Amino acid sequence: MLIDTHIHVGQFDDLYFAPSAIHNLMEQLHVDYYAVSSTTQCEENYLKVLSEMEELIRLDDKKVLPVMWITPEALQGNIAWYLESNIGWRMLKIHPFLNKTEWNPEGDLFTEVLDIAMELRLPLLIHTGNEDCCKASLYEQTIKDNPNITFILAHGRPIQSTLHIATSYDNAYVDSAFMPIEHMKIFINCGLSEKLLWGTDMCIPKHFNRNLDMAAYYRSKLQAFREVCIQEQYEQVTCRNAIKLFNL
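As the structure is a prediction and not an experimental result, all values here were calculated from the model.

## Concerning the side chain of Thr-40
Considering the arrangement of structural elements, one finds Thr-40 in the loop between β3 (33–38) and α2 (46–60). Taking the relative accessible area as the measure of exposure, Thr-40 reaches 0% and is therefore buried. Polar side-chain contacts of Thr-40 include one of 2.9 Å to the backbone nitrogen of Gln-11. Among the polar contacts listed, one links the side chain of Thr-40 to the side chain of Glu-52, at a separation of 2.9 Å. The residues contacting Thr-40, other than those within four sequence positions of it, are Val-9, Gly-10, Gln-11, Tyr-16, Asn-45, Lys-48, Val-49 and Glu-52.

## Overview of the pattern of salt bridges
Scanning all chains against the criterion turns up four salt bridges. Its salt-bridge partner being Arg-210, residue Asp-14 comes within 2.9 Å of it at the nearest N-O pair. You can see Asp-14 sitting in the loop between β1 (3–12) and β2 (15–17) and its partner Arg-210 sitting in the loop between α9 (205–208) and α10 (214–226), a full 196 residues away along the chain. Judged by its relative accessible area of 38%, Arg-210 is partly exposed. Residue Lys-135 is joined to Asp-132 by a salt bridge in which the shortest nitrogen-to-oxygen separation is 3.2 Å. Relative accessible area serves as the criterion here: at 62%, Asp-132 is assigned to the exposed category.

## Some thoughts on the sheet that holds β3
Strands pair in a sheet through their backbones, by hydrogen bonds, and they do so in one of two ways: parallel or antiparallel. Here nine strands make up an open sheet; going across it, the order is β2-β1-β3-β4-β5-β6-β7-β8-β9 and the pairing mixed. Edge positions in the sheet fall to β2 and β9 (196–197), since each of these pairs with one other strand and no more. With three bridges connecting them, β3 and strand β4 (residues 64–69) associate as parallel partners. Residue Val-36 lies in a different strand from β4, and its bridge partner there is Pro-66. Each of β4, β5 (91–94), β6 (124–127) and β7 (151–154) is contacted by helix α5 (residues 108–120), which is oriented at about 170° to β5, the strand it contacts most. Contacting β7 and β8 (172–175), helix α7 (residues 159–168) runs over the sheet at an angle of about 140° to β8.

## Thoughts on the nonpolar core
The nonpolar side chains of soluble globular proteins are, as a tendency, buried together. Ile-22, Tyr-34, Ile-70, Trp-103, Leu-124, Phe-187 and Phe-225 are the most contacted members of the largest nonpolar core, which totals 71 residues. Counting residues per element, this core draws most heavily on α5, which supplies six residues. Every residue in contact with Phe-187, bar those within four places of it in the chain, is listed here: Ile-159, Thr-162, Leu-163, Ala-166, Val-174, Met-179, Leu-192, Ser-193 and Leu-196. Among the nonpolar cores identified, the runner-up in size contains 14 residues, and Leu-65, Ala-154, Tyr-173 and Cys-239 belong to it.

## So, the packing of α10 against helix α11 (residues 231–246)
Following both chains from N to C, one finds α10 and α11 inclined at 135°, their axes separated by 10 Å at the closest point. The angle between α10 and α11 places the two elements in the oblique class. Residues Leu-222, Phe-225 and Arg-226 of α10 form the contact with α11, whose own contacting residues are Gln-231, Tyr-234, Val-237 and Thr-238. Here the residues of the contact of α10 with α11 are counted per class, giving four nonpolar, two polar and one charged.

## Some remarks on the packing of α7 against helix α8 (residues 181–189)
Two elements in contact, α7 and α8, have axes whose closest approach is 11 Å; the angle formed by their N-to-C orientations is 30°. One element, α7, and the other, α8, form an angle in the roughly parallel class. Our pair here, α7 against α8, has a crossing hand that is right-handed. Between α7 and α8, the residues in contact are Ile-159, Thr-162, Leu-163 and Ala-166 and His-183, Ile-186 and Phe-187, respectively. Considered class by class, the residues forming the contact of α7 with α8 number five nonpolar, two polar and no charged.

## As for a negative patch on the surface
Together, Asp-108, Glu-112, Asp-115 and Glu-119 make up a negatively charged patch on the protein surface. Locating Asp-115 in the fold gives a position in helix α5.

## Thoughts on the pairing of β8
With burial as the criterion, each face of β8 is covered, one bearing Ala-172 and Val-174 and the other bearing Tyr-173 and Asp-175. Note that β7 and β8 share four bridges and pair parallel. The residue bridging Leu-153 from the neighbouring strand is Val-174, located in β8. Once you follow β7 into α7 and on to β8, the crossover reads as right-handed. Pairing between β8 and β9: two bridges, direction parallel. Counterpart to Asp-175 in the pairing with β9 is Leu-197.

The rules we used
Residues numbered from 1 in each chain as written. Predicted model: local features only at pLDDT ≥ 70, side-chain atom pairs only at ≥ 80, totals over all residues. Heavy atoms only, no water. Helix = DSSP H or I, 4+ residues; strand = E, 2+ residues; numbered from the N terminus. Buried < 20%, exposed > 50% of the residue type's maximum accessible area, 1.4 Å probe, protein only. Polar contact = N/O pair within 3.5 Å; in protein donor to acceptor, adjacent residues only side chain to side chain. Contact = heavy atoms within 4.5 Å. Salt bridge = Lys/Arg side-chain N within 4 Å of Asp/Glu carboxyl O. Pairing = 2+ DSSP bridges. Axes fitted to C-alpha atoms, helices over the stretch in contact; angles between N-to-C directions. Core = buried A, V, L, I, M, F, W, Y, C linked by side-chain atoms within 4.5 Å. Parallel < 35°, antiparallel > 145°, perpendicular 65-115°, else oblique. Nonpolar A, V, L, I, M, F, W, Y, C, P; charged D, E, K, R; others polar. Left-handed = near helix turned anticlockwise from the far one by under 90°. Patch = residues over 30% accessible without salt bridge, like charges linked within 9 Å, V, L, I, M, F, W, Y side chains within 5 Å. Areas by Shrake-Rupley, 256 points an atom, 1.4 Å probe, with all protein chains shown as cover. Lys, Arg positive; Asp, Glu negative; His and termini not counted. Charge placed at Lys NZ, Arg CZ, Asp CG, Glu CD. Right-handed = clockwise from strand over helix to strand, strands pointing away.

Shown next as structure tokens:
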């Protein structure tokens with residue numbers, strides 16, 4: 001079984017990844033389940049996001065694990081489009097790099113997101129990076145203070161602080177989207193295979209290389225990871241952790 005916890009559909013810059021394209025790619029790669037958010041959310045086009053999710057669910061049914069990407073603007077009343085929909089949301093997401101000041105972990109907006117996660121009993125995916133606005137360490141106290149919420153540190157950046165958090169808190173996980181194989185190997189060598197989730201950020205790599213064969217890229221990274229771990233660790237990362245997290 002293969003489960004990808006970080007997939008995108010929708011508009012990204014000048015590229016559009018249609019639901020049918022995501023469906024075809026996931027079938028081609030034999031992905032059994034995938035957690036997916038819509039980059040169309042960056043346009044604050046809530047009805048289009050919902051239509052993309054609905055189309056994916058029509059195409060792939062329970063294989064789709066819909067992710068509610070929350071923006072600061074969406075919290076100003078528009079979040080009702082999502083909360084009142086029939087979409088069976090499986091995870092929340094915020095992107096501190098795109099909203100550099102609004103997602104201050106001590107701010108009111110972030111507290112509201114935590115309240116939604118608590119009420120809906122959903123994991124919260126947080127984009128992390130090496131920039132000051134989105135370093136994983138910014139959210140350590142929040143993770144510590146909210147043991148009943150599961151946090152996923154997307155990309156696992158910076159690596160050392162992410163390792164510390166994943167080691168220290170039972171409710172902290174990391175996904176491998178855009179994570180170098182060398183960093184994934186560090187997680188494995190540190191005995192953290194139970195905290196690492198297979199994620200690829202598909203189809204965003206196409207934005208950086210327009211000639212990219214996405215299926216070949218995907219298979220290459222999956223094979224490279226397989227070569228730095230034993231079978232039990234491979235299965236832990238690529239399926240068993242997600243089965244536990246999403247109650248599959």
